[in-house]
Structures are given as C-alpha cells and as structure tokens.
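An overview of the molecular structure
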Amino acid sequence: MRGFDELVPRLREFAAAREWEPFHTPRNLAMALSGEVGELVSELQWLGDKEIAEQLDGGALRERVADEVADVLLYLVRFADVCGLDLPAEAHAKIDRNEHRFPPLEANPSP
C-alpha cells in the first residue's frame, strides 16, 4: 500500500515531467484547490444527508466523490510543498492550538 509520504515526491515528478513548475505558484495552486473543493461541493449540494449516506455506500456518487476528494488532496499536498510547508506537521500544530482554544466539555459540568 502506498503511503502519504510518497505523494510529495510523486507529485514533484509528475509536475516536472510535464514542465508545470512555472505554473504551480501558490496563487495558482490555491485557486485550483478552491475550484476542486467547489466540484466536491457540487456533487453533494442538492442531496440530503440521508441520501448522501446511502449513495456513498457504493455506486456512481461514491466514485465521483472519491475523484474530487483525491483532486482536493493532491492540490493541497502540492500547494503545501510549493510553499515549503510540512503538511502533517502543520495539521498537528493546528490541532494542538485548537485543543487549547476549545477544551473538551466536562462529562458532568457543574451548575
């Protein structure tokens, strides 16, 4: 099974083989990422939560959503790489900050 760590070098090689590096600027990649998120949203926007859950079990919606999720991930990974960001490290740091900003609810809060 291929791991997450293999994505960055594979995407670098993919872009280099097509000579896309000049176009992979932070601005361009952020706009492309936004577009892909929009495509993901468009797959779900007119469906109810129950419909989505049922259709994600298999079939055409699942395939389309999987493709759009993959596109979002690939653009995000490429964006982070071009910006010199360690995506997993940044995500963990953000969770750390959020743990302080949003402490867990107490099981039995006092009145």
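Here, the structure is the one placed above.
Read on for a plain summary of the structure. (Residues numbered from 1 in each chain as written. Predicted model: local features only at pLDDT ≥ 70, side-chain atom pairs only at ≥ 80, totals over all residues. Heavy atoms only, no water.)

A closer look at the overall build of the protein chain
- Secondary structure assignment for the protein chain yields five helices and zero strands.
- Relative to the 2.2 N^0.38 estimate, which gives 13 Å for 111 residues, the radius of gyration of the protein chain is 18 Å and therefore markedly larger than a compact globule would have.
- Along the longest, intermediate and shortest principal axes, the C-alpha atoms of the protein chain span 65 × 35 × 30 Å.
- Taking all 111 residues of the protein chain together, the buried fraction comes to 15%.
- Contacts in the protein chain between residues far apart in sequence, at least 24 positions, make up 66% of those at least 6 positions apart.
- Entry remark: accessible area of the protein chain is about 8700 Å², with carbon and sulfur atoms responsible for 58%.
- One way to put it: in the protein chain the 12 positive side-chain charges average out to a point 3 Å from where the 22 negative ones average out. (Helix = DSSP H or I, 4+ residues; strand = E, 2+ residues; numbered from the N terminus. Rg over C-alpha atoms; globule rule 2.2 N^0.38 Å. Buried < 20%, exposed > 50% of the residue type's maximum accessible area, 1.4 Å probe, protein only. Contact = heavy atoms within 4.5 Å. Areas by Shrake-Rupley, 256 points an atom, 1.4 Å probe, with all protein chains shown as cover. Lys, Arg positive; Asp, Glu negative; His and termini not counted. Charge placed at Lys NZ, Arg CZ, Asp CG, Glu CD.)

Details of a negative patch on the surface
- A cluster of acidic residues, Asp5, Glu6, Asp86 and Glu90, forms a negative patch on the protein surface.
- For Glu90, the position within the fold is in helix 5 (residues 87-101).
- Here Glu90 falls in the partly exposed class, since its relative accessible area comes to 38%. (Patch = residues over 30% accessible without salt bridge, like charges linked within 9 Å, V, L, I, M, F, W, Y side chains within 5 Å. Salt bridge = Lys/Arg side-chain N within 4 Å of Asp/Glu carboxyl O.)

Quick word on the packing of aromatic side chains
- Overall, the coordinates contain one aromatic pair when judged by the stated rule.
- With centroids separated by 5.4 Å and ring planes inclined at 75°, the aromatic side chains of Phe14 and Trp20 adopt a geometry described as edge-to-face.
- A residue is classified by how much of its surface remains accessible, and Phe14, at 39% relative accessible area, is partly exposed.
- Overall, Trp20 belongs to the partly exposed group, its relative accessible area being 36%.
- Taking the ring centre of Phe14 as reference, the NZ or CZ of Arg18 above it sits at 3.6 Å. (Phe/Tyr/Trp six-rings, centres within 6.5 Å; stacked < 30°, edge-to-face > 60°. Lys NZ or Arg CZ within 6 Å of the ring centre and 35° of its normal.)

Things to note about the packing of helix 2 (residues 26-44) against helix 4 (residues 60-82)
- For the pair helix 2 and helix 4, the least separation of the axes is 9 Å and the interaxial angle reads 165°. By the criterion of interaxial angle, the relationship of helix 2 to helix 4 is roughly antiparallel. Handedness of the helix 2/helix 4 crossing: left-handed. On the side of helix 2, the interface is formed by Pro26, Leu29, Ala30, Ala32, Leu33, Glu36, Val37, Glu39, Leu40, Glu43 and Leu44, while helix 4 contributes Leu61, Arg64, Val65, Glu68, Val69, Asp71, Val72, Tyr75, Leu76, Arg78, Phe79 and Val82.
- Counted by class, the contact of helix 2 with helix 4 contains 16 nonpolar, no polar and seven charged residues. (Axes fitted to C-alpha atoms, helices over the stretch in contact; angles between N-to-C directions. Parallel < 35°, antiparallel > 145°, perpendicular 65-115°, else oblique. Left-handed = near helix turned anticlockwise from the far one by under 90°. Nonpolar A, V, L, I, M, F, W, Y, C, P; charged D, E, K, R; others polar.)

With respect to helix 2
- In this model helix 2 runs 27 Å from its N-terminal to its C-terminal C-alpha over 19 residues, within 8% of the 27 Å that 1.5 Å per residue would give.
- If you check which residues of helix 2 are buried, you get Leu29, Leu33, Glu36 and Glu43. On an axial view of helix 2, the arc spanned by its buried residues comes to 70°, and they lie on one face. Facing away from the buried side of helix 2, by more than 90 degrees, are the exposed residues Arg27 and Ser34.
- Buried residues in helix 2 make contact with helix 4. (Expected span 1.5 Å × (residues − 1). Arc of directions from axis to C-beta.)

All we've got here are geometric facts, nothing functional implied.
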